[in-house]
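# Survey of secondary and tertiary structure
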Amino acid sequence: MSVLQQNYQAVLDHIAQAEARAGRQAGSVKLVAVSKTFPADDIRKVYAAGQRDFGENYIQAWYDKTDTLADLPDIVWHVIGDVQSNKTKFVAERAHWLHTVSRLKTAQRISAQRPSEMPPLQVCIEVNVSGEAAKHGVSPDEAVVLAQEVAKLPQIQVRGLMCVAEADVAEDELRWQFGKMQTLLADLNAAGVPADVLSMGMTADMEIAIECGATHVRVGSAIFGKRDYAHQS
Ligand SMILES: *Cc1c(COP(=O)(O)O)cnc(C)c1O
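Structural notes, computed from the coordinates. Here the structure is a predicted model, which is why all the values come from computation and not from measurement.

As a further point, take the site of the ligand. Near the ligand, the surroundings consist of 13 residues, among which K36, N57, T203, S221 and R227 are the closest. In this structure, an oxygen atom belonging to the ligand sits 2.7 Å away from a side-chain N or O atom of K36. A distance of 2.8 Å is found between an oxygen atom of the ligand and a backbone nitrogen or oxygen belonging to G220. Protein contacts shield 89% of the accessible area of the ligand, which totals 390 Å² for the unbound molecule.

Here we come to the side chain of S130. In this fold, S130 is placed in the loop between strand 5 (121-126) and helix 6 (140-150). A distance of 2.5 Å separates polar atoms of two side chains, one belonging to S130 and the other to E132.

The next point concerns unusual backbone geometry. Unlike most non-glycine residues, T37 shows phi in positive territory, near 75°. Examined against the element boundaries, T37 turns out to sit in the loop between strand 1 (30-34) and helix 2 (40-48). With phi around 55°, D168 is a residue other than glycine that occupies positive phi space. Structurally, D168 is set in the loop between strand 6 (156-162) and helix 7 (171-190). For D168, a relative accessible area of 83% gives the class exposed.

By the element assignment, Q155 lies in the loop between helix 6 and strand 6. Excluding residues that lie within four positions of it along the chain, Q155 makes contacts with S111, R114, P115, S116, M118, P120 and L121.

Below, the discussion takes up the packing of helix 1 (residues 3-21) against helix 2. Between helix 1 and helix 2, whose axes approach to 9 Å, the crossing angle comes to 55°. Comparing their axes, helix 2 and helix 1 come out oblique. Judged by the sense of rotation from one axis to the other, the crossing of helix 1 with helix 2 is right-handed. Note on element contacts: helix 2 touches helix 1 through D42, K45, V46 and A48, opposite L4, Q5 and Y8. Each residue belonging to the contact of helix 1 with helix 2 can be placed in one class, and the counts come to four nonpolar, one polar and two charged.

A few words now on the nonpolar core. Among the nonpolar cores identified, the biggest contains 66 residues, and V91 and V150 are the most heavily contacted of them. If you tally residues by element for this core, the top one is helix 7, at six residues. Setting aside anything within four residues of it in sequence, one finds V150 in contact with V101, L104, A107, V123, I125, I156 and V158.

Our next topic: the packing of helix 6 against helix 7. Between helix 6 and helix 7, the shortest axis-to-axis distance is 10 Å and the interhelical angle comes to 30°. The two elements helix 6 and helix 7 meet at a crossing, and its hand is right-handed. Between helix 6, through P140, V144 and A147, and helix 7, the contact on the second element is made entirely by K180, L184, D187 and L188. Tallied by class, residues from the contact of helix 6 with helix 7 come to five nonpolar, no polar and two charged.

About the thresholds
Residues numbered from 1 in each chain as written. Predicted model: local features only at pLDDT ≥ 70, side-chain atom pairs only at ≥ 80, totals over all residues. Heavy atoms only, no water. Near = heavy atom within 4 Å. Polar contact = N/O pair within 3.5 Å; in protein donor to acceptor, adjacent residues only side chain to side chain. Areas by Shrake-Rupley, 256 points an atom, 1.4 Å probe, with all protein chains shown as cover. Helix = DSSP H or I, 4+ residues; strand = E, 2+ residues; numbered from the N terminus. Buried < 20%, exposed > 50% of the residue type's maximum accessible area, 1.4 Å probe, protein only. Contact = heavy atoms within 4.5 Å. Axes fitted to C-alpha atoms, helices over the stretch in contact; angles between N-to-C directions. Parallel < 35°, antiparallel > 145°, perpendicular 65-115°, else oblique. Left-handed = near helix turned anticlockwise from the far one by under 90°. Nonpolar A, V, L, I, M, F, W, Y, C, P; charged D, E, K, R; others polar. Core = buried A, V, L, I, M, F, W, Y, C linked by side-chain atoms within 4.5 Å.

Listed below in structure tokens is the structure:
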């Protein structure tokens, strides 16, 4: 087994252990392997080990990888970065999921650009749950109203909520932030938007996120290694 495949297996084991500790059903948490900054060949190796869901942030770089990997028809692409308005078409035409909706206008453009023969794009509303100034996402107070508006768009299906929790904080604070997301998901359902997805948890905090109800964890460096951002725009 290659290093990547060993890393991948270790992440799957950690997820399974966290599911068991939290009393959650085995296999209930989906791993999104975050391959941003890594070459298409690395994605192939992890794909060969059985992974199908991959996450990417940088739209142009991701789009180029979708060309290179066009021979893998069952790969599932999750866009997890900010989408500038000149890049919405790429997402509309090539993505299966978008975890980072925080503006109605962007969602409207993507819905209009999504080819009618494709299934609706599966989306999460990104919530800035920690309230950090530098973070994307809507405030917790705005999430339900935005989700209700986005849910009306024909080529988009709202699936739930996504967050990036604060880095380097105490476990109590992390649990508070993830717990807030769980409450918001219940609020969303109560407000008439059926939603079943909580996209939260990364390399550093995926186990706590799973204990707090994450359904999708987005894990990059634990699988692919340390990132070099030098070549990304
Ligand atoms: C890069 C990134 C991840 C993966 O981060 P790791 O710490 O490498 O696991 C997850 N989510 C988002 C939004 C990211 O940008």
